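# Observations on the three-dimensional arrangement
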Amino acid sequence: MNKSAGTISKKAGLPPGVLMHVGKRKADEVQISVIDYNVTEFIEFECKTPEESFQFRDKESITWINVNGLHDTAIIGALGQHFGLHPLLLEDVLNTRHRPKMEEFDDCLFLMLKMLSLSEDGNTLISEQVSFVLGKNWVISFQEQPGDVFDTIRQRLRESKGNIRRRGGDYLVYRLLDTVVDNYFVVTEKISDNTEQLEETVLKSSEIETLHEIQGLKKQLMSIRKAVTPLREVVSALQKDDAQFIQAGTTRYLHDVYEHIIQVSESIETQRDLLASIMDLYLSGISNRMNQVMQVLTIIATIFIPLTFVAGIYGMNFDNIPELHWKYGYFAVWGAFLAVGVVMVLYFRRKKWL
Amino acid sequence: MNKSAGTISKKAGLPPGVLMHVGKRKADEVQISVIDYNVTEFIEFECKTPEESFQFRDKESITWINVNGLHDTAIIGALGQHFGLHPLLLEDVLNTRHRPKMEEFDDCLFLMLKMLSLSEDGNTLISEQVSFVLGKNWVISFQEQPGDVFDTIRQRLRESKGNIRRRGGDYLVYRLLDTVVDNYFVVTEKISDNTEQLEETVLKSSEIETLHEIQGLKKQLMSIRKAVTPLREVVSALQKDDAQFIQAGTTRYLHDVYEHIIQVSESIETQRDLLASIMDLYLSGISNRMNQVMQVLTIIATIFIPLTFVAGIYGMNFDNIPELHWKYGYFAVWGAFLAVGVVMVLYFRRKKWL
Amino acid sequence: MNKSAGTISKKAGLPPGVLMHVGKRKADEVQISVIDYNVTEFIEFECKTPEESFQFRDKESITWINVNGLHDTAIIGALGQHFGLHPLLLEDVLNTRHRPKMEEFDDCLFLMLKMLSLSEDGNTLISEQVSFVLGKNWVISFQEQPGDVFDTIRQRLRESKGNIRRRGGDYLVYRLLDTVVDNYFVVTEKISDNTEQLEETVLKSSEIETLHEIQGLKKQLMSIRKAVTPLREVVSALQKDDAQFIQAGTTRYLHDVYEHIIQVSESIETQRDLLASIMDLYLSGISNRMNQVMQVLTIIATIFIPLTFVAGIYGMNFDNIPELHWKYGYFAVWGAFLAVGVVMVLYFRRKKWL
Amino acid sequence: MNKSAGTISKKAGLPPGVLMHVGKRKADEVQISVIDYNVTEFIEFECKTPEESFQFRDKESITWINVNGLHDTAIIGALGQHFGLHPLLLEDVLNTRHRPKMEEFDDCLFLMLKMLSLSEDGNTLISEQVSFVLGKNWVISFQEQPGDVFDTIRQRLRESKGNIRRRGGDYLVYRLLDTVVDNYFVVTEKISDNTEQLEETVLKSSEIETLHEIQGLKKQLMSIRKAVTPLREVVSALQKDDAQFIQAGTTRYLHDVYEHIIQVSESIETQRDLLASIMDLYLSGISNRMNQVMQVLTIIATIFIPLTFVAGIYGMNFDNIPELHWKYGYFAVWGAFLAVGVVMVLYFRRKKWL
Amino acid sequence: MNKSAGTISKKAGLPPGVLMHVGKRKADEVQISVIDYNVTEFIEFECKTPEESFQFRDKESITWINVNGLHDTAIIGALGQHFGLHPLLLEDVLNTRHRPKMEEFDDCLFLMLKMLSLSEDGNTLISEQVSFVLGKNWVISFQEQPGDVFDTIRQRLRESKGNIRRRGGDYLVYRLLDTVVDNYFVVTEKISDNTEQLEETVLKSSEIETLHEIQGLKKQLMSIRKAVTPLREVVSALQKDDAQFIQAGTTRYLHDVYEHIIQVSESIETQRDLLASIMDLYLSGISNRMNQVMQVLTIIATIFIPLTFVAGIYGMNFDNIPELHWKYGYFAVWGAFLAVGVVMVLYFRRKKWL
């Protein structure tokens, strides 16, 4: 986090609107793909240069331009200029450390959010920044790297399934947004599983590794929270928007997404609460263990230290120790040993230490 | 929780309006029962197919259609289509992981909440999702499984007790809602009893099992809270509603329900506070116990270790240890033993360790 | 708390408006007393039946009907019917587990709050529910049991002291409310005294009893808080009320009550903070004590264990231990004992353990 | 605190407007001083009776009447009556346990706040209640005891420095308020110094006294907070006031005071945070110390207990212990002692206990 | 902090508008530099006296007057008088302990904030107060000491890069503000790095130094937070400003700054959360270590204390101890020693202490 965030600080002092990619380069090459559709027609192709996509700006049909890879600022800049994107908008698209936001410009709506997924072993959280720009009849989406998350949407567009091809660009943006939010559930459910497993582990034993796992989950939740919390406002604002870019019929769908975001938020808070109480369990597990160790030590020491003392007494070399010469002195001492031992054991039983 | 929630994530990427049951199948078969009433007439029967209930949609009398079991999406879909329910509404009905919500559609009011109860041994919290749809002259209720919670309402309808048959569908929905909320009291009171019992236990002893019980109650409270908190907004919105579906006379009754929900909420917060301080009591109980153990060890060790040392001295085999040849040396040493012991005991008394 | 609250759950499933007493029966018999007054006249008597009070409903003079005891629902019901009280209002009056509330009805204002007092030994908090209904020219007050709290008001009415007889029913309600709130000061001041005493105790020693006392005070504060917090809204709403029942001149007095409630609230929060830091003091007291115990053990063990070892060496029975035959071997060993002891003591001094 | 607050509860049941001094009597005698000024004239004298000040009520010039000492309710009452002060206002002036407040009456503005200072040794917080009443052309200030806080203002009035004599009573009230708030800085800075010193102490050692000091500072902060927090609202309301008593030109000055209050508030919160982390430092200091103690004990015990055992073996009196008769048996055992000791020390080194 | 804050309290009692420098003198001499520009012209020079800058007040071109060093109140006063700055504004400029603020005056906009940087070794946070006054066609900036932070802006002005010379004074203020906020990223990223490093350290070992570092970072975060939190309101107010001083086109840029401030705020909260959990890790690290120490002690003591007791038995000098005369008694005892040792080790293995 720090290293990449470090690159934000490199921008310190630069004037606004200077395009600069902030973040790790995750893609080899910038890929631009174009899908243009209406109810009856459907065109799909990959662009070699951004210019190939320019012709679709003023077409009546809906055009979805997807850009994978953000490191080539020249391409992004060209695209931005042709579609009339504000320099500050482009700056935000390129700054992968930015928090989710929504901003309305004169001729387009800008939406930026985080796509979350888990690494294949399920233990590392991967966060990718995704931006959507919704203009009149066109949608531009920016991703940091190629991925198959939006493939189901492409498939439905190709097959003209559902009413996606009957609706406008705002509905397409809703579907993209919905897909991203659905992935939050996948992630939080995995974390929820891990938390539950951790709880069971902690109830059994308190290993130091548990602590590291708690810390790991805590940090994952912090990351998700940072992605999801600002999204509440964003989608809430989209719904209420006085509808320059969002059609009335899409609002209810956006409300549905909003509810999902609330649900993810609540789930995160629940996980946090749970982790806090798992931490408590862990700490009292340690205390309990310490208690047990102390009890064993105390029992052993308390029984044998007095006995050793008695043995020590009769190991003394005084000329005149009458007991030493008793015939059954030794056996009497053994009797004393046993008596003390039994009394001690009974005492510990009563104290419930045994 | 995680496994069932897991099924939400299966919906990731699916378009909106695709009906899919999210949750465990709790009923064998979908049961549909219909009650149709006005002040003078009363009809009650079980439907074999959803189509049997369709005739009541446009009747002037109030019709209450109750559906038990959500796994057969075809039946739910047919019912939804005939009564003009929005696809997103049906999706919510089938998604038993959804949080409580209220949504107003053009021709119906949709209400979704959690019915809470305790298992027979009183230790497991059972949560079932219940949905109500209030249309013009009809009410459809969806439950995950058959239950007798609403039987008192049916009974009053049959016997025409009170003014329930003189009033509209909104009053019926209020009564259903009220019944569900009344059950929250049953649950929170049981948890309150358990908490109080736990407190008494903790004041007496600090067993590790207590910790598990605290954790269990905490999680139950978290579940109830998740069910009740969103309900505040829901019922608050119902009251304030500009009354397309709620008649003026019913508003005061809804306000009554609202106050009950507030009371349950406050009770939950009180329980949480109490559990937190029980946890504190538990932890200091452990500390106290450790202190006691340490004191016993310290007292025994502090008394006997010096004595053993003295015994050790006179167990040495030096040729020239004058004391060994004293006539009463041995007895003098015993005197020393006793003196040291008494001094130590007095010292511990003053320190209040004995 | 749980047992009484248990009775709320008995109402689960009952329709609204069914009168049922929730709470313990605290009075033997329902007592109804009537005071009727204006500037010049004053009538006071006890009613045997509720019907005796009915004549005052439409009189021009102010009538104050006080009801002690809530268990006889028939009497309450009759009174309610004659004075036109809403069934939900009566239900609330009888439900002594309800939270404080204010509700405005068409022809009366309903106010419900908790009267708090301490038991004679000052350690148990007693909470009693009190309700006031303010109508046109009449005030009905309901108490769970007879008490002398309102006697000063009765006395002033009898003696026509102050301007109480020149003012309307709203001023009477204000005076009743003010009296109840004044009692909160008595209670919180007693608790504040106890807290302060506890703090001094804790600074001296950390007994397990302290913990129980902290827990007791915490729970008392939780109870008071539950009584006072909703009252803020209640009185705040009364002040702002668009004055159907409250005359303009009374508002400033209500504001005075409001400020008192705020002050009680703040005092409760202060006490809670104090208790939390007393808990901290207690816990670190325990830690300190444990530390002391450990130090004593460590000092004794660290000094004597090595010495005992040395004594053990010369207790060995090897044939060839030259030192044993030295003339002053024994005394040399004593020298070693003393040297080790002194070094140890110096070491502990430097470590500030002694 | 409790004793004085106790007197509030003595008012329980009393009707409003009964004058009664709540708090300790801090002044021997009530002193009334009058300053009357306009740009050109200046009169200053001490009144023997309140009546001497009455003549100034209707004069055009600004009159500042300062009252020191609140215990003589007759004097306060006479003054109040002549200047038309509301009985509730006078009640508040006399109740030194009241929280800071602002209230607008028909013909005057009432302001009540706490003056804070530190005792000469800098360790005790002294809180005094101060009230200001701003009427048309006159200001009355009430203090619990004589003090020289306002002397700089008197001096400037005498010398006609600045524009204070050109401005109205509202500006005078602002200057009085400003002076009181400036004293909050003096107090919080002293506390800040103490906190910082405490932090340094804690980083060095964890004495039980530190705990008491932390607790002391915490309570001081709680007191200041109680004085400052309500003042935010008070001064905020003064600024926004629709200006019956505050002239437009004074508003910006009041805003300045408001900002000072915010700054004091923030400083208090910072101190609280700091104290909380000092408490953490203290507690981990104790843990660290315990750890050290335990390590010393463990090292000593772990090295010498096995050695003592070996010595014990060769102290046994079996007839047949071959080693005892070896020529260098004794020295071999010494070798073993040293070897065990060295191994142990190396082990502890690796564990970083030494 | 305390020493410098101490100087605020020196102002206690002083009337408003008295100019007094609060804070450390950080500059040798007050430096005044003037830049005057429009699209075509550019003038830059250093003033020897403030009077040299006065001519620019009424020029049409934009003038930026930068003042380094605040200790010479005469110079600041002269400047203030000529440019019509309110005495309270100048007081704020000179009070380097003031919190960030924005205030709109009749003919200028006043902005005050903290410039943060890290000392060269990266461990000390340096906070400098910066104020901007935006009037008609002129901007005055006040810094405590000379610095090169604004040099990039000067450079762009000189080279007429970007559109900075085509825009008004409000855009210049935006650029100054933006530069200051960009530096917050540099600081928080450094702290984030330190926190991350600390976390790794803590996962490995729990040294007392770690505690001091946690405390240090906590205090740095507290300082940054104090600088950034009020800025949110400030810039939020600037954006919404009804635009007397801010032109419409600049608002979007200010919104960009606003988002940066939000991001810094969130980053601070994240760091605080992280530090809190690092503290938890540290504390459980200590507990774990204590546990280990106790286990070692217990294992050693539990094994050897009973063995020593057995050895002690056969060191007794009773005349009649039959075992002593057995031929293989000694070896039998060795067998017992080994057996006890093995049993103990197995027991500890099962307890997972070994």
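Calculation notes
Residues numbered from 1 in each chain as written. Chains lettered and ligands numbered in written order. Predicted model: local features only at pLDDT ≥ 70, side-chain atom pairs only at ≥ 80, totals over all residues. Helix = DSSP H or I, 4+ residues; strand = E, 2+ residues; numbered from the N terminus. Rg over C-alpha atoms; globule rule 2.2 N^0.38 Å. Contact = placed C-beta atoms within 7 Å. Nonpolar A, V, L, I, M, F, W, Y, C, P; charged D, E, K, R; others polar. Least-squares fit on C-alpha atoms with pLDDT ≥ 70 in both. Buried ≥ 20, exposed ≤ 12 C-beta atoms within 10 Å, placed from the backbone. Domains from an automatic or database assignment. Pairing = 2+ DSSP bridges. Axes fitted to C-alpha atoms, helices over the stretch in contact; angles between N-to-C directions. Expected span 1.5 Å × (residues − 1). Bend = angle between axes of the 7 residues up to and from the residue. Left-handed = near helix turned anticlockwise from the far one by under 90°. Parallel < 35°, antiparallel > 145°, perpendicular 65-115°, else oblique. pLDDT = per-residue confidence, 0-100.

To continue, consider the overall build of chain A. A count of helical and extended segments in chain A gives eight helices and seven strands. Here the C-alpha radius of gyration of chain A, 34 Å, is well above what a compact globule of 354 residues would show, namely 20 Å. Taking as baseline every contact in chain A between residues at least 6 positions apart, the subset at least 24 positions apart corresponds to 68%.

Frequently, the measure chosen for interface size is the accessible area that the parts lose on association. Between chain D and chain E, the residue contacts involve 50 residues of the former and 46 residues of the latter. Residue assignment for the side of chain D that touches chain E shows that the elements contributing at least two residues are helix H4 (151-159), helix H5 (169-204) and helix H7 (248-313) of chain D. Among the elements that make up the side of chain D that touches chain E, the one with the highest residue count is H7(D) (29 residues). Of the residues in the side of chain D that touches chain E, the class split is 17 nonpolar, 20 polar and 13 charged.

Copy one and copy two of the chain differ by a rotation about an axis and a translation along that axis. Mapping chain D onto chain E calls for a screw motion: a turn of 72° about the axis and a shift of 0.1 Å along it, with 0.1 Å RMSD after fitting. What the rotation and shift describe, once combined, is the action of a five-fold rotation axis. Minimal C-alpha separation from the rotation axis in chain D is found for Gly315(D), amounting to 4.6 Å. When the interface residues of chain D are mapped onto chain E, a mere 18% of them are again interface residues, pointing to distinct binding faces.

Attention now moves to unusual backbone geometry. All names here are of chain B. Residues other than glycine seldom take positive phi values, yet lysine 352 does so here, at roughly 65°. Tracing the backbone through its elements, the reader meets lysine 352 in the segment after helix H8 (329-350). Overall, lysine 352 belongs to the exposed group, with 10 C-beta atoms counted inside 10 Å.

Another aspect to go through is the interface of chain C and chain B. With 46 residues of chain C at the contact, the number on the chain B side is 49 residues. Looking at the side of chain C that touches chain B, the element that brings in the most residues is helix H7 (residues 248-313) of chain C, giving 17 residues. Counted by class, the side of chain C that touches chain B contains 27 nonpolar, twelve polar and seven charged residues.

Before going further, it helps to examine the domain arrangement of chain A. Partitioning chain A into domains gives domain 1 (2-284) and domain 2 (295-350). Using C-alpha coordinates to define each centre, domain 1 of chain A is positioned 76 Å away from domain 2 of chain A.

All names here are of chain C. What the seven strands build is an open sheet, ordered E2-E1-E3-E7-E6-E5-E4; its pairing is mixed. The open sheet is flanked by strand E2 (42-47) and strand E4 (101-104), the only strands paired with a single partner. When strand polarity is set aside, the average angle formed by the axes of neighbouring strands in this sheet is 15°. The pairing of strand E6 (residues 125-134) with strand E7 (residues 138-143) spans five bridges and is classified as antiparallel. Bridging from a neighbouring strand, serine 131 pairs with phenylalanine 142 of E7. Contacts between helix H5 (residues 169-204) and the sheet are confined to strand E3 (62-68), strand E5 (109-118), E6 and E7, with E5 contributing the most and set at about 30° to the helix.

This part is about helix H6 (residues 208-240) of chain A. It helps to recall that an α-helix has 3.6 residues per turn; residues three or four apart then point in one direction. Here H6(A) contains 33 residues, and its C-alpha end-to-end distance of 49 Å stays within 8% of the 48 Å for a straight helix at 1.5 Å per residue. The sharpest bend along H6(A) reaches about 30° and sits at Leu231(A).

Once that is clear, we can look at the sheet that holds strand E5 (residues 109-118) of chain E. Residues and elements named next belong to chain E. Spatial ordering of the open sheet is given by E2-E1-E3-E7-E6-E5-E4, a layout of seven strands whose pairing is mixed. Looking at the sheet topology across the chains shown, the edges are occupied by strand E2 (42-47) and strand E4 (101-104). Along the sheet, successive strands turn relative to each other by an average axial angle of 15°, direction set aside.

With that out of the way, let us pick up the packing of helix H2 (residues 73-82) of chain B against helix H3 (residues 87-94) of chain B. Residues and elements named next belong to chain B. Packing of H2 against H3 brings their axes to within 11 Å, and their N-to-C directions diverge by 145°. Regarding H2 and H3, the two cross each other, and that crossing is right-handed. Contact residues: Thr73, Ile76, Gly77 and Gly80 in H2; Leu90, Val93 and Leu94 in H3. Across the contact of H2 with H3, the residue classes tally to four nonpolar, three polar and no charged.

Residue and element names in this part refer to chain E. With respect to the helices and strands, isoleucine 62 occurs in strand E3 (residues 62-68). The class for isoleucine 62 is buried, based on 22 C-beta atoms found within 10 Å. Along the sequence, isoleucine 62 and isoleucine 35 sit 27 residues apart, while their C-alpha atoms lie 8.2 Å from each other. Not counting residues within four places of it along the chain, the set of residues in contact with isoleucine 62 comprises Tyr37, Asn38, Asn137, Gly168, Gly169 and Leu172.

All names here are of chain D. Packing of helix H6 (residues 208-240) against H7 leaves a shortest axis separation of 9 Å and a crossing angle of 155°. Here H7 runs roughly antiparallel to H6, going by the angle between their axes. For the pair H6 and H7, the crossing hand works out as left-handed. By residue class, the composition of the contact of H6 with H7 is 20 nonpolar, eight polar and four charged.

All names here are of chain A. Counting buried residues in strand E7 (residues 138-143) gives six out of six residues, a clear majority hidden from the surface. Burial along E7 is two-sided: the residues Trp138, Ile140 and Phe142 and Val139, Ser141 and Gln143 are all buried. As paired elements, strand E3 (residues 62-68) and E7 share six bridges and run parallel to each other. Bridging across to E7, valine 67 finds its partner in phenylalanine 142. Here strand E6 (residues 125-134) hands over to E7 after three residues, with asparagine 137 in that stretch at a positive phi of 65°.

Residue-level pLDDT values for chain A average 88, and 96% of them are 70 or greater. Model confidence for the complex: the whole-complex pTM is 0.86, and ipTM, which rates the interface, is 0.82.

Moving on, we come to the environment of Ile65(A). All names here are of chain A. Take isoleucine 65: it is sitting in strand E3. In this structure isoleucine 65 comes out as buried when scored by C-beta crowding, with 24 C-beta atoms within 10 Å. Along the chain, isoleucine 65 and serine 119 lie 54 residues apart, while their C-alpha atoms are 27 Å from each other. In contact with isoleucine 65, other than residues within four places in its own chain, are Ile32, Val34, Ser53, Trp138 and Ile140.

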